[in-house]
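# Reading the structure
Here is what each chain is made of, one letter per residue.
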Amino acid sequence: MAHSAMPLHQLVTASGTRVADELLDEFVSDLDDQTLRNLYEDMLIVRRIDAEATALQRQGQLALWPPLLGQEASQIGSVRALEHDDFIFPTYRENGVAYCRGASMGSVLGVWRGVSNSGWDPYELNMATPQIIIGSQTLHATGYAMGLVLDGKESLSLAYFGDGATSQGDVHEAMVFAASFQAPVVFFCQNNHWAISEPVGLQSHVPLAGRAPGYGIPSLQVDGNDVLAVLAATRWAAHRARTGGGPSFIEAVTYRMGAHTTADDPTRYRGVTELEEWGAKDPLTRMRTFLTNAGKLDDEAESAMAAKADAVAAELRAACINFPDPEPLSVFEHVYVDDHPILARQRDHYLAYLSLFEGSSPAAQGGAS
Amino acid sequence: MKLSLTQAINAGLRRALEDDPKVVLLGEDIGTLGGVFRVTDGLMKDFGSHRVIDTPLAESAIIGTAVGLAYRGFRPVCEIQFDGFIYPGFDQIVSQVAKLHARTRGAVRMPLTIRVPFGGGIGSPEHHSESPEAYFVHTSGLRVISPSNPQDAYTMLRQAIASDDPVLYFEPKRRYHAKDEVMLDAPLSTAPLMGAARVVAAGTDVTLVSYGPLVRTALDAASAAAAEGISIEVIDLRSLSPIDYLPVMESVRRTGRLVISHEAGQTLGLGAEIAATITERCFNYLEVAPVRVTGFDIPYPPSKVEKHHLPDLDRILDGVDRALGRPNSHSGMED
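Just so you know, these numbers come straight off a predicted model, no measurement behind them.

### Let's talk about the domain arrangement of chain A
Its domain assignment divides chain A into domain 1 (8-321) and domain 2 (328-364). Look at where the C-alpha atoms of domain 1 of chain A and domain 2 of chain A centre, and you get two points 40 Å apart.

Structure, rendered in structure tokens:
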């Protein structure tokens, strides 16, 4: 799909050269060296998290994992543009975002280990539980933003979604509502070019960012492998939201270097040429080159980052392996807030059934195998 | 005060808006117009367009944005204009509204109330007369209720909005204009529980269970049967999820005969669930198999022939006759 119909905003080229961008420059003019290094460190750690989790899946410790390899800049640049009060509505792939919001590694992995359907407390991180139904969360973000207006808050919500989601009715309805009510919501689309096996060209014949203006929502297309540009673009949208400018749409053009999930086999639908082409645009490599050339990153700083990544990976591995299996009767919890006599009866009956197995071997203690 | 069912709902919404600043109403045509049935008449004028929100025409977005509002601590009341229009919002209801509390292990509450005018008998075109309640009863995480009279409409709506669980509130639209005495100031603490069924006519020969629009029909059937010396106990379920089985079991243990009636189609409808449960739990008390008097398993028919689809007084009494083994009853149902 040709993206030439819209300008692709960029601040650091694939070879690591800082270039000017009329719109975005002002949004990163305040960044000091440490902040720039932190962006790189975030990406480095998130890549390590991703590799460690992928390995844990291969070792049978996780049931599934959705790699974000290649999308580090899109995730880090966007989340680092937000304030703690801003509320994020992510998909299942935003594990880099979750790390930056302070999610514990255990809370990231529970879903993929199969011990829970969510991890962190959404109100602690101001980040909703990850959404699996494609595009659904864009409506939640829009409603949350409508609530911000009702509450008179100068804050915003941000919805993450992918190129595939842009075909979902919910995403379009979300843009209709966001525009109608001028809700302070940022639609952050990571166009990683693949919705499992379907190329983005199947979803749209125009740039994804080109759809938003049809709803009256300003949009831009940003190099999603350029963490600086993504940060600036998200700050642009966040500034609009906070100052009564209403919704914005960002298309971060990136690439899913890995599989859709560890259960997927991308060799069935895409070739190596494409991978090589995008490998040359790697978000970490370019930031490293940029920082090194500017004298902002030395060996000492790099080894400190590597040590931190090792520590996070160790935390992740330990959290994964030490997960206790949930209690059998926990399946009945939190279905309702208030009493529910029918469910309580089912629970009591199952408890009585389980008690028949007391004293027998763990393998025989109830539950379908 | 004598109020119609629509006026009672309106009063319930007004009270909720007054009592809790976090209550907001969302729906199509609910503001300036006051709703196609005038249920929300005057509310936008009195509470403002920020609390009584006319939305664009997208049911999934009405529910989906309400989920986001609930995430932020609001207590949204959504109106789905007609029963047959709820399906575009079905995914949000089933995948999000119903499951978010469990998904987040109690961290996020979804105190939505989703109002749905439902049922037939008003001579409308297709999609305006359906009874989709079983879909929602089948979905764990939701509560489903249906008032049959103005007092319940008022009280149960207030309970639904106050509930921290999501509630589908099915309004029997053909009873919208039925008027009755409503006590607006009776405290909720002394009201019957939202989930409680109620015996609305005592009887000894047959237990007749219904809800929503057919409770009136069931009561009329009981009166007609009484003239023939047959005593029908009528139970208004009020809550469809959870179903309050205790009064039904208590009644069936006395009468030994159960008839269930609803407008929705028979297969896997409420009648099927109630018949199965009562058979499981009261088998030794039953004199005959439970009898279902329901709509047929058909797409809702054109209005000129909807009377053939909807259970009426005579079909309910035919079901009662079957339960009693009376010779004039329709035969062959056991084949």
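### Concerning the UniProt feature "domain: Dehydrogenase E1 component" (unreviewed entry) in chain A
Under the present numbering, the feature "domain: Dehydrogenase E1 component" (unreviewed entry) in UniProt falls on residues 42-311 of chain A. Secondary structure across residues 42-311 of chain A comprises 46% helix and 11% strand; the distance between its end C-alpha atoms is 13 Å.

### Overview of the side chain of Lys173(B)
Residue and element names in this part refer to chain B. Here lysine 173 is to be found in the loop between β7 (167-172) and β8 (179-181). The exposure class of lysine 173 is buried, given its relative accessible area of 3%. The residues contacting lysine 173, other than those within four sequence positions of it, are Phe37, Phe82, Asp83, Pro117, Phe118, Gly119, Ile122, His128 and Ser129.

### So, the sheet that holds strand β3 (residues 157-162) of chain A
All names here are of chain A. Here six strands make up an open sheet; going across it, the order is β1-β7-β8-β4-β3-β2 and the pairing parallel. Either end of the sheet is taken by a strand with one partner, and the two such strands are β1 (8-9) and β2 (87-89). On the sheet, helix α2 (residues 72-79) packs against β2, β3, β4 (185-191) and β8 (248-253) and is oriented at approximately 165° with respect to β4. Helix α7 (residues 169-180) rests against β3, β4 and β8 of the sheet, and its axis sits at about 150° to β4.

### Overview of the interface of chain B and chain A
Counting residues at the interface gives 49 residues for chain B and 42 residues for chain A. Our count for the contact surface shared by chain B and chain A stands at two salt bridges. Summed over the shared surface of chain B and chain A, the number is 24 residue pairs in polar contact (both at pLDDT 80 or more). A per-class count over the side of chain B that touches chain A returns 20 nonpolar, 17 polar and twelve charged.

### A closer look at unusual backbone geometry
The omega torsion of the bond from Ser241(B) to Pro242(B) falls at 0°, within 30 degrees of zero and hence cis. Of note, Pro242(B) is situated in the loop between β12 (239-241) and α9 (245-255). In this structure, His334(A) is a non-glycine residue whose phi angle is positive, near 65°. Residue Arg105(B) is not a glycine yet carries a positive backbone phi of 50°.

### A short note on the nonpolar core
Counting residues in hydrophobic clusters, the biggest one holds 111 residues, and the most contacted among them are Tyr71(B), Leu168(B) and Ile274(B). Per-element accounting of this core gives the leading share, eight residues, to helix α3 (residues 59-71) of chain B. Among all residues touching Tyr71(B), those that are not within four sequence positions of it are Phe87(A), Phe89(A), Pro122(A), Tyr123(A), Ala128(A), Thr129(A), Tyr144(A), Leu100(B), Val108(B) and Met110(B).

### Observations concerning the sheet that holds β12(B)
Residues and elements named next belong to chain B. Sheet architecture is open: seven strands sit in the order β3-β2-β4-β5-β7-β6-β12, paired in mixed fashion. Here the strands that pair on one side only, and so sit at the sheet edges, are β3 (52-54) and β12. Strand-to-strand twist in this sheet, taken as the mean axis angle between neighbours without regard to direction, amounts to 20°. Set on the sheet, α3 makes contact with β2 (23-27), β4 (75-79) and β5 (113-118); between it and β4 the angle comes to about 170°.

### Points about helix α12 (residues 313-324) of chain B
Residues and elements named next belong to chain B. Spanning twelve residues, α12 covers 16 Å between terminal C-alpha atoms, matching the ideal 16 Å at 1.5 Å per step. Three or more residues of α12 are buried, namely Ile316, Leu317, Gly319, Val320, Asp321, Arg322 and Ala323. Of the surrounding elements, those touching the buried residues of α12 are β10 (206-210), α8 (214-227), β11 (232-236), β13 (258-265) and β14 (291-295). Of the residues flanking the end of α12, it is glycine 325, one or two places downstream, whose phi is positive at about 65°.

### A short note on the side chain of Glu251(A)
Residues and elements named next belong to chain A. Mapped onto the fold, glutamate 251 is located in strand β8. Nearest to the buried, unbridged glutamate 251 among oppositely charged side chains is arginine 211, at 9.1 Å. At 3.3 Å, the side chain of glutamate 251 forms a polar contact with the backbone nitrogen of leucine 208. Within polar-contact distance, the side chain of glutamate 251 engages the backbone nitrogen of alanine 209 at 2.9 Å.

### A few points about the pattern of salt bridges
All names here are of chain A. In total, this model carries 35 salt bridges over all chains according to the counting rule given. Of the charged contacts in the structure, one is a salt bridge between arginine 48 and aspartate 310, with a shortest N-O distance of 2.3 Å. Within this pair, whereas arginine 48 is found in helix α1 (residues 33-58), its partner aspartate 310 is found in helix α12 (residues 299-321), the two being separated by 262 residues in sequence. Looking at arginine 48, the relative accessible area reads 29%, which means it is partly exposed. The network of salt bridges with shared partners includes Arg48, Glu52, Asp310 and Arg317.

### Some details on α2(A)
Because each turn of an α-helix spans 3.6 residues, side chains separated by three or four positions in sequence point in the same direction. In terms of burial, α2(A) is largely enclosed, as eight of its eight residues are buried. Looking only at α2(A), the buried set comprises Glu72(A), Ala73(A), Ser74(A), Gln75(A), Ile76(A), Gly77(A), Ser78(A) and Val79(A).

### Some details on the packing of α1(A) against helix α9 (residues 227-242) of chain A
Residues and elements named next belong to chain A. Between α1 and α9, whose axes approach to 11 Å, the crossing angle comes to 110°. On the basis of the axis angle, α1 is roughly perpendicular to α9. Every residue of α9 that contacts α1 at Leu36, Leu39 and Met43 is listed here: Val227, Leu228 and Leu231. For the contact of α1 with α9, the residue count by class is six nonpolar, no polar and no charged.

### So, the pairing of β11(B)
Residue and element names in this part refer to chain B. Burial runs high along β11: five of the five residues are buried. What you see with β11 is no split at all: Ile232, Val234 and Asp236 on one side and Glu233 and Ile235 on the other are buried throughout. Crossover handedness for the path β10 to α8 to β11: right-handed.

### So, the environment of Glu315(A)
Residue and element names in this part refer to chain A. Considering the arrangement of structural elements, one finds glutamate 315 in helix α12. Glutamate 315 gets classed as partly exposed once you look at its relative accessible area, which sits at 41%. Separated by twelve residues in sequence, glutamate 315 and glutamate 327 have C-alpha atoms that sit 24 Å apart. Ignoring sequence-local partners within four residues, the contact set of glutamate 315 consists of Ser104 and Met105.

### Here's the deal with the pairing of β2(B)
Residue and element names in this part refer to chain B. For β2, the tally of buried residues reaches five of five residues, placing the bulk of the element in the interior. Burial along β2 is two-sided: the face carrying Val23, Leu25 and Gly27 and the face carrying Val24 and Leu26 are both buried. Relative to β3, β2 runs parallel, the two sharing three bridges. By the bridge assignment, leucine 25 is partnered in β3 with valine 52.

### A word on the domain arrangement of chain B
All names here are of chain B. Taken domain by domain, chain B comprises domain 1 (2-190) and domain 2 (198-324). For domain 1 and domain 2, the distance between their C-alpha centres works out to 26 Å. Facing 25 residues of domain 1, the contacting portion of domain 2 comprises 23 residues. Both sides together, the interface formed by domain 1 and domain 2 hides about 1,900 Å², and carbon and sulfur atoms give 52% of it. For glutamate 263, the salt bridge identified is with arginine 174, shortest N-O distance 2.3 Å. Inspection of the domain 1/domain 2 interface yields 13 residue pairs in polar contact (both at pLDDT 80 or more). Every element with two or more residues in the side of domain 1 that touches domain 2 is listed here: α6 (133-137), β6 (143-145) and α7 (150-162).

Definitions and limits used
Residues numbered from 1 in each chain as written. Chains lettered and ligands numbered in written order. Predicted model: local features only at pLDDT ≥ 70, side-chain atom pairs only at ≥ 80, totals over all residues. Heavy atoms only, no water. Domains from an automatic or database assignment. UniProt positions renumbered as here; feature names shortened; annotations may be inferred. Helix = DSSP H or I, 4+ residues; strand = E, 2+ residues; numbered from the N terminus. Buried < 20%, exposed > 50% of the residue type's maximum accessible area, 1.4 Å probe, protein only. Contact = heavy atoms within 4.5 Å. Pairing = 2+ DSSP bridges. Axes fitted to C-alpha atoms, helices over the stretch in contact; angles between N-to-C directions. Salt bridge = Lys/Arg side-chain N within 4 Å of Asp/Glu carboxyl O. Polar contact = N/O pair within 3.5 Å; in protein donor to acceptor, adjacent residues only side chain to side chain. Nonpolar A, V, L, I, M, F, W, Y, C, P; charged D, E, K, R; others polar. Core = buried A, V, L, I, M, F, W, Y, C linked by side-chain atoms within 4.5 Å. Expected span 1.5 Å × (residues − 1). Lys, Arg positive; Asp, Glu negative; His and termini not counted. Parallel < 35°, antiparallel > 145°, perpendicular 65-115°, else oblique. Right-handed = clockwise from strand over helix to strand, strands pointing away. Buried area = accessible area lost by both parts, 1.4 Å probe.

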